[in-house]
Amino acid sequence: MSNFVAPEVKKFVAWDYVVFAGLFLVCASIGVFFAVKERKKKTSKEFLVGGRQMTCGPIAFSLTSSFMSAVTVLGTPSEVYRYGASFVLFFLSYALVIIFTAELFLPVFYRSGITSTYEYLELRFNKIVRLAATLIYILQTILYTGIVVYAPSLALNQVTGFDLWGSVIATGIVCTFYCTLGGLKAVVWTDAFQMIVMVVGFTTVLIRGTTLNGGSTKVWEVAYEGSRLNIFDFDVDPLRRHTFWTIVIGGTFTWLGLYGVNQSTIQRCISCKSEKHAKLALYLNLLGLWTVLVCAVFCGLVMYSHYKSCDPWTAEFISAPDQLMPYFVMDIFSSMPGVPGLFVACAFSGTLSTVAASINALATVTFEDLVKKGFPNLSEKMSTWISKGLCVLYGVLCTSMAAAASLLGGVVQASLSIHGMCGGPMLGLFTLGIVFPCANWKGAMGGLLAGITVAFWAGTGAFVYPAPPTKSIPLQLSTLNCTLANSTKALMTTAAPTAALDRPLLADTWYSLSYLYFSAIGCLGCVITGLLISFITGPNKGEDIPPVLIQPVCNLFCFWSNRLKALLWCGVQHDSQEVDLEKNLPKVIANQTGTDNTFKNSIDKENKCQFPGYNPKEKSYTNMSRESRL
């Protein structure tokens, strides 16, 4: 029980519900608009990848909105409030992630003419690797999406009084509705609208909070005095929760696993009408990521300035750190009905965009990797209906997972880590295929299993045996100016550590590794193991691999010598890519698929449409053939 008297903070009023309901109404309307506008030419390709005729603008907004979920809106300000502004170093991680995605992974996926990223794994390795990766992605995404729905709903419910299950069910229904009706185009344009709502919500909180706390200079001074501006910590200790190295290196691996090879990202990029548009969308999206990050970090600093002498978490006015941001909003906007509803709309914009992206990506992966493999002769009409049915199915599953998350208690944090622990090995798997021509399918499978084993070993150990407080302890928080309920003294606290009982030998080393390194060890474990197994079992010959499936990274470092570049290509005929591309890819697929003529024919048909879009002068691809078919 709290020793302090909590100040009265108002709950939601009618105007707040009106503003919040307006967000859901606009999102649903976008789905109806695209369903009506394109009802006559809705093929499965049009539904799942927008006919590959999207432009870079809405795709850039969509990418930012999809990956800046409510976890970012609620969690990042709380992180800065408790640990300081070192979180802003993620702007370097984001930059590296976008560069690697745009220059290393995207060109291969785009030029391969695929719809699901896991199609690449069959082209490069075989069906077994593709199926294993697909199943891991489906399970991981359903679990993560359920938690993305539940976590903000719980935080907002306990602070604003907003109905918990009402928000969970409404989120599931609205996302499923506009995904099913409008397909990818509805998701993309809705994400663009939600991105605007997120920035407006953050900006409103920043302006109001800064004004109440004496202006930006005063906020900066208070943050400096409270050690919230100690950003650059170059300690190389990998057990420290956040340092320059853990954020820049570990953060890059974590986000690259979620971004560079993630179906949600790649599906949007390959929906662009040219490779140049896809790359431009990624670089424009980087500006969006930076904008949201800076807004969230400054919100955390403003929040600290406001509560520097009466921390609501230490005083137990709230029950979890994630509730700090909604509590702050309800506090500073108590006299302005409707504005708290705008912030809730901001938080749920992140949730809606993430859930919609996941539902659409899950439907695409399931249809391309499972349904089409079992039923290759489906008509376009039936394919479209099955795709819509899959959207409904995954909408129900993700909403149901949110209900299951309510029973997990403390396991919620561990479940969020699963996204990173699975993303690292998947990043390693695609890196094996795209960067190393020598890697074979046995190495790919062995590497994937090894990566997942190592990442889950570290992640599970970290959950069971948390890191010592000296590695992750929050900065000082105060309750000096809180109103006392009795004669109990006010507190200056840094969250007292709990006594550790029987801790194994690895508890203070391997299990105390920063959570940002889970993805890195999973990726490196997959790559190293995969290469070892490939060399032991007999590496692939570069001559047998079509150049479109390999990205010649060595060209960056050996640009002065064509002979050295050719040597490092390991036999892959990159210099004849423009001539032999159409001929080589079907040949390799035929060798891999054996008697599976249906699959071979479907790939041949796809490739005939893809290769004419290559422009040798610009070294870029367009989707002109698809445009002519629509």
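What comes next is a walk through the structure. These figures come from a predicted structure and were not determined experimentally. (Residues numbered from 1 in each chain as written. Predicted model: local features only at pLDDT ≥ 70, side-chain atom pairs only at ≥ 80, totals over all residues. Heavy atoms only, no water.)

## Overview of the nonpolar core
Counting 162 residues, the largest nonpolar core has Phe105, Phe109, Tyr120, Leu121, Val205, Tyr259 and Met325 as its most contacted members. For this core, the element with the highest residue contribution is helix H14 (residues 339–374), accounting for 17 residues. Excluding residues within four positions of it along the chain, Val205 makes contact with Cys299, Met325, Phe328, Val329, Ile332, Phe333 and Phe343. (Core = buried A, V, L, I, M, F, W, Y, C linked by side-chain atoms within 4.5 Å. Buried < 20%, exposed > 50% of the residue type's maximum accessible area, 1.4 Å probe, protein only. Helix = DSSP H or I, 4+ residues; strand = E, 2+ residues; numbered from the N terminus. Contact = heavy atoms within 4.5 Å.)

## Considering helix H9 (residues 216–225)
It helps to recall that an α-helix has 3.6 residues per turn; residues three or four apart then point in one direction. Within the span of H9, buried status applies to Val219, Val222 and Ala223. Taken end-on, H9 shows its buried residues confined to a sector of 100°, consistent with a single buried face. Seen from the open side of H9, the exposed residues pointing more than 90 degrees away from its buried face are Thr217, Tyr224 and Glu225. Directly after H9, the chain includes Ser227, whose backbone phi takes a positive value near 65°. (Arc of directions from axis to C-beta.)

## Notes on the packing of aromatic side chains
Scanning all chains against the criterion turns up 21 aromatic pairs. With 4.6 Å between their ring centres and 45° between their planes, Phe87 and Phe90 make a pair best called tilted. For Phe87, a relative accessible area of 13% puts it in the buried group. Given a relative accessible area of 3%, Phe90 falls into the buried group. A ring pair is formed by Tyr465 and Tyr511, whose centres lie 6.0 Å apart and whose planes are at 5°; its orientation type is stacked. In this pair, Tyr465 is assigned in the loop between helix H17 (441–464) and helix H18 (469–472) and Tyr511 in the loop between strand S2 (492–493) and helix H19 (518–537), connecting sequence segments 46 residues apart. Since its relative accessible area comes to 26%, Tyr465 is described here as partly exposed. Directly above the ring of Tyr83 sits Arg241, whose terminal nitrogen or CZ lies 4.2 Å from the centroid. A cation over an aromatic ring shows up here: Lys388 above the ring of Trp385, its NZ or CZ 5.5 Å from the ring centre. (Phe/Tyr/Trp six-rings, centres within 6.5 Å; stacked < 30°, edge-to-face > 60°. Lys NZ or Arg CZ within 6 Å of the ring centre and 35° of its normal.)

## So, empty space enclosed by the protein
Evaluation of the coordinates by the stated rule reveals 2 cavities of 30 Å³ or more. Looking at the largest cavity, its volume works out to about 60 Å³. What lines the largest cavity is Tyr118, Tyr137, Gln140, Gly257, Val261, Asn262, Gly423, Met426 and Phe430. Elements with a contribution of two residues or more to the lining of the largest cavity: helix H7 (127–160) and helix H16 (411–435). (1 Å grid on protein atoms, 1.4 Å probe; cavity = no way out; pocket = protein on both sides within 12 Å on 5 of 7 lines; lining within 4 Å. Points joined across faces, edges and corners; volume = space filled by probe spheres on them.)

## Some details on the pattern of salt bridges
Overall, the coordinates contain 9 salt bridges when judged by the stated rule. Ionic pairing is found between Glu79 and Arg241, a salt bridge with its closest N-O pair at 2.5 Å. Within this pair, whereas Glu79 is found in helix H4 (residues 70–83), its partner Arg241 is found in the loop between H9 and helix H10 (244–259), the two being separated by 162 residues in sequence. On the basis of relative accessibility, which here comes to 11%, the residue Glu79 falls in the buried class. With a closest N to O distance of 3.3 Å, Glu103 and Lys279 form a salt bridge. Of this pair, Glu103 sits in helix H5 (residues 90–111) while Lys279 sits in helix H12 (residues 275–306), and the two are 176 residues apart along the sequence. Glu103 gets classed as partly exposed once you look at its relative accessible area, which sits at 37%. Among the charged side chains, a salt-bridge network with shared partners connects Glu103, Arg111, Glu275 and Lys279. (Salt bridge = Lys/Arg side-chain N within 4 Å of Asp/Glu carboxyl O.)

## Let's talk about a nonpolar patch on the surface
Together, Phe232, Phe234, Val236, Trp245 and Ile249 line one region of the surface with nonpolar side chains, adding up to about 520 Å² of accessible area. Mapped onto the fold, Val236 is located in the loop between H9 and H10. Residue classification places Val236 among the exposed residues on the basis of a relative accessible area of 63%. (Patch = residues over 30% accessible without salt bridge, like charges linked within 9 Å, V, L, I, M, F, W, Y side chains within 5 Å. Areas by Shrake-Rupley, 256 points an atom, 1.4 Å probe, with all protein chains shown as cover.)

## A short note on the side chain of Gln551
Examined against the element boundaries, Gln551 turns out to sit in the loop between H19 and helix H20 (562–568). Polar contacts involving the side chain of Gln551 include one to the main-chain carbonyl oxygen of Glu103, which spans 2.8 Å. Once residues lying within four places of it in the same chain are set aside, the contact partners of Gln551 are Glu103, Leu104, Pro107, Val108 and Ile434. (Polar contact = N/O pair within 3.5 Å; in protein donor to acceptor, adjacent residues only side chain to side chain.)

## Section: the state of the cysteines
One pass over the full model with this rule turns up 0 disulfides. Not engaged in a disulfide, the cysteine Cys269 finds its nearest cysteine sulfur in Cys272; these two sulfurs lie 6.2 Å apart. When its relative accessible area of 0% is taken as the criterion, Cys269 is described as buried. Unpaired in this structure, Cys523 has its nearest cysteine sulfur neighbour in Cys526, at a distance of 7.0 Å. With relative accessibility at 5%, the residue Cys523 sits in the buried group. (Disulfide = S-S within 2.5 Å.)

## Let's talk about the environment of Ile266
Relative to the helices and strands, Ile266 is located in helix H11 (residues 263–269). Ile266 sits 157 residues away from Phe109 along the chain, and the two C-alpha atoms are 7.6 Å apart.

## Concerning unusual backbone geometry
Not every positive phi belongs to a glycine, and Ser227 is a case in point at roughly 65°. By the element assignment, Ser227 lies in the loop between H9 and H10. Of note in the backbone geometry, Glu316 takes a positive phi value of approximately 65° without being a glycine. As for its placement among the helices and strands, Glu316 is situated in the loop between H12 and helix H13 (324–332).

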